[in-house]
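# An overview of the molecular structure
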Amino acid sequence: ARMCQKEVASGNPRTLLQRWFGPMRAGSLRSGLLVLTTTAMGAGVLALPFAIRELGWGLGCAAVLGFAALNVASLDLLLDAGMRYGATSYSDLICTVRGPRTASMLDLTVSIITWGATVAYWVFIKQLLPMLLVTLGVPAWLARAEVALPLLAVLVFAIALPRDITAMGKFSILGVCSVMYVCFFLVFSACTAGVGLGGLPAVSAGLDLSPPVA
């Protein structure tokens, strides 16, 4: 919003096409939307059809809207508090309001959550990457999870080495395209095969829960 105000004040505002398709600036509206979209839409979106099936269309949609409203309220609160105390990050804000000890606990909590999310993503990658590589024509020995995952880990480690990774922000559009593809696939599957996991075999924990026969 501040960037738009500066453009208007300078007397040289950009056109709609320039704002949408021009060079992406750091901290711009487009870059913020891309980052928020790629971070908010994670692997948990794959469980959304099952949740809607269990809750029903009415309660499921109400739950999604309710959680969205809570997210908007919490983000609005964080933004107002950050502007009031001049904090540039969530950790700085907690350190200013609650002290360094609480900020350290926050950092530990975020680290644990990030580690768990990373493990979940690697589980998905282990299940999906070999099939994708085989579909792309990669040799079977290279498409094995025992070979592909270490190679992918080395690639991720190499990408994380540079101090400044802002140049990789242009690849955020790939994440948005992936999210759009997943959403389209889920809607298409719901319209053709129904919502939920009805086509998958039942999961058994090895326990016989059937009532005894007299």
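Residues numbered from 1 in each chain as written. Predicted model: local features only at pLDDT ≥ 70, side-chain atom pairs only at ≥ 80, totals over all residues. Heavy atoms only, no water.

### Side note on the pattern of salt bridges
To keep things clear, this is the line we draw: What counts as a salt bridge is simple: a side-chain nitrogen of Lys or Arg found within 4 Å of a carboxyl oxygen of Asp or Glu. Three labels apply to residues, based on accessible area from a 1.4 Å probe with only protein chains included: buried if under 20% of the type maximum, exposed if over 50%, partly exposed otherwise in between.
Scanning the model with the defined rule gives 1 salt bridge in all. Arg144 is the partner of Glu146 in a salt bridge, and the nearest nitrogen-oxygen pair spans 3.7 Å. In this structure Glu146 comes out as exposed when scored by relative accessible area, which is 56%. On the basis of relative accessibility, which here comes to 47%, the residue Arg144 falls in the partly exposed class.

### Let's talk about the nonpolar core
Stated formally: In this description, a nonpolar core means a group of buried Ala, Val, Leu, Ile, Met, Phe, Trp, Tyr and Cys residues linked to one another through side-chain atoms lying within 4.5 Å. Numbered from the N terminus, helices here are DSSP runs of H or I no shorter than four residues, and strands are runs of E no shorter than two. A contact between two residues is defined here by any heavy atoms of the two lying within 4.5 Å.
Core analysis: the largest hydrophobic core is formed by 6 residues, namely Leu129, Leu133, Ala143, Ala145, Ala148 and Leu149. Breaking this core down by element, the ones donating at least two residues are helix H7 (100-135) and helix H9 (145-160). Of the residues forming this core, the biggest block, 3 residues, is contributed by H9. Once residues within four sequence positions are removed from consideration, Leu129 is found in contact with Ala148, Leu149 and Leu152.

### Notes on the confidence of the model for the protein
Filter applied, for reference: On a scale of 0 to 100, pLDDT captures the predictor's confidence in every residue.
Taken residue by residue, the protein gives an average pLDDT of 75. The fraction at 70 or more is 68%. Mean pLDDT across the elements of the protein ranges from a minimum in helix H1 (residues 2-10), with 54, to a maximum in helix H5 (residues 57-85), with 88. Segment residues 196-214: pLDDT under 50, and 6 contacts once partners within four positions in sequence are set aside and those in other chains are kept.

### Notes on H7
Selection rule: Each helix should span, by expectation, one fewer than its residue count multiplied by 1.5 Å. Bend, at a single residue, is the angle you get between axes fitted to the 7 residues ending at that residue and the 7 residues starting at it.
If you check H7, its first and last C-alpha atoms are 51 Å apart, about what 36 residues at 1.5 Å a residue would give, namely 52 Å. The principal kink in H7, of about 35°, is found at Leu128, preceding the proline Pro130 by one to four residues. Of the positions making up H7, those classed as buried are Ala103, Leu106, Leu129, Pro130 and Leu133. In this structure, the buried residues of H7 make contact with helix H6 (90-98), helix H8 (140-143) and H9. Gly137 sits one or two residues past H7 and shows a positive phi near 90°.

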